[in-house]
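Coordinate inspection notes
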Amino acid sequence: MTPRQAAGLLCGLLAALAGAASAQPAPGQVELVCEAVYLPARTTWVRRVTIDHDARRVKAVQIDGVPVYSFAIAGTVILTSLDNERVQIDTAAQTWTSDFRGLASAQGRCERAG
């Protein structure tokens, strides 16, 4: 095998691995896709939630690719906020509930991505 052929095989392998890695969440990571209906406008937004965890605890939460500053866990519910939106994600019931300080609210369902 020539060096050029080896480089071509390596590039192909790396491309295949990159495609496989982007198709499924990493170990210790759960991705949820939530369809939230916002009222009073009655618009549907698709929100993507990424939850990083180890065997004992949730380590990080991202909403639409933006890491949240802080979060709390109450049973199966993740309580957090992003900008002016207070968010509750029930991981057992797979639901999204949020509000913008009483001015607007949202409810929706979530599904695991991947």
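Everything below is about the structure shown above.
Now for a look at the structure at hand. It should be emphasised that the depicted structure is a prediction, and the values quoted were computed from it without experimental measurement. Residue numbering note: each chain is counted from 1, following its sequence as written. With pLDDT at 70 or above as the cut-off, local features in this predicted model cover only qualifying residues; side-chain atom pairs require 80 or more to be listed or tallied, and sums for whole chains, interfaces and linings still use all residues. Working from all heavy atoms in the structure, the side-chain values ignore hydrogens and water.

**Regarding the overall build of the protein chain**
Numbered from the N terminus, helices here are DSSP runs of H or I no shorter than four residues, and strands are runs of E no shorter than two. In terms of regular secondary structure, the protein chain is built from one helix and nine strands. Put simply, the protein chain runs from its N terminus to its C terminus through helices and strands in the order α-β-β-β-β-β-β-β-β-β. For the protein chain, contacts bridging at least 24 residues in sequence account for 29% of all contacts bridging at least 6. Total accessible area on the protein chain stands at roughly 7,700 Å², and carbon and sulfur atoms take up 57% of it. The contact definition used throughout considers only heavy atoms, calling two residues in contact when any of these lie within 4.5 Å. All accessible areas in this document rest on Shrake-Rupley with a 1.4 Å probe, and a residue is counted as covered only by the protein chains that are shown.

**Overview of the nonpolar core**
Working definition of a nonpolar core: buried Ala, Val, Leu, Ile, Met, Phe, Trp, Tyr and Cys residues. They are joined through side-chain atoms within 4.5 Å. Exposure classes here rest on a 1.4 Å probe applied to the protein chains alone. A residue is buried below 20% of its type maximum, exposed above 50%, and partly exposed in between. Grouped together as the largest cluster of nonpolar side chains are 17 residues, with contacts concentrated most on Leu 32, Cys 34, Val 49, Ile 51, Ile 63, Ile 89 and Trp 96. Going through the elements one at a time, strand E1 (29-39), strand E2 (43-53), strand E3 (58-63), strand E6 (77-82), strand E7 (85-90) and strand E9 (105-112) are the ones with two or more residues in this core. It is E1 that contributes the most residues to this core, five residues altogether. Look past the residues within four positions of Ile 89 in its chain and what remains in contact with it is Leu 32, Val 49, Thr 76, Val 77, Ile 78, Thr 95 and Trp 96.

**Quick notes on the state of the cysteines**
Cysteine sulfurs are considered disulfide-paired once they come within 2.5 Å of each other. For the structure on display, the rule yields one disulfide. Between the sulfur atoms of Cys 34 and its disulfide mate Cys 110 the distance is 2.1 Å. Linking Cys 34 and Cys 110, the disulfide has an S-S dihedral of approximately 105 degrees and is accordingly described as right-handed. Residue Cys 34 is found in strand E1, and its partner Cys 110 is found in strand E9; the two are separated by 76 residues along the sequence. Judged by its relative accessible area of 0%, Cys 34 falls in the buried class. A residue is classified by how much of its surface remains accessible, and Cys 110, at 4% relative accessible area, is buried.

**Digging into the sheet that holds E3**
Two strands form a pair only when DSSP identifies at least two bridges running between them. Pairing is antiparallel across the open sheet formed by nine strands, whose spatial order is E4-E3-E2-E1-E9-E8-E7-E6-E5. Looking along the sheet, the strands with just one partner apiece sit at the ends: strand E4 (66-67) and strand E5 (71-74). Pairing between E3 and E4: two bridges, direction antiparallel. Bridge assignment links Gln 62 to a residue of E4, and that residue is Pro 67.

From the geometry alone we can't say anything about function, so treat these as descriptive.
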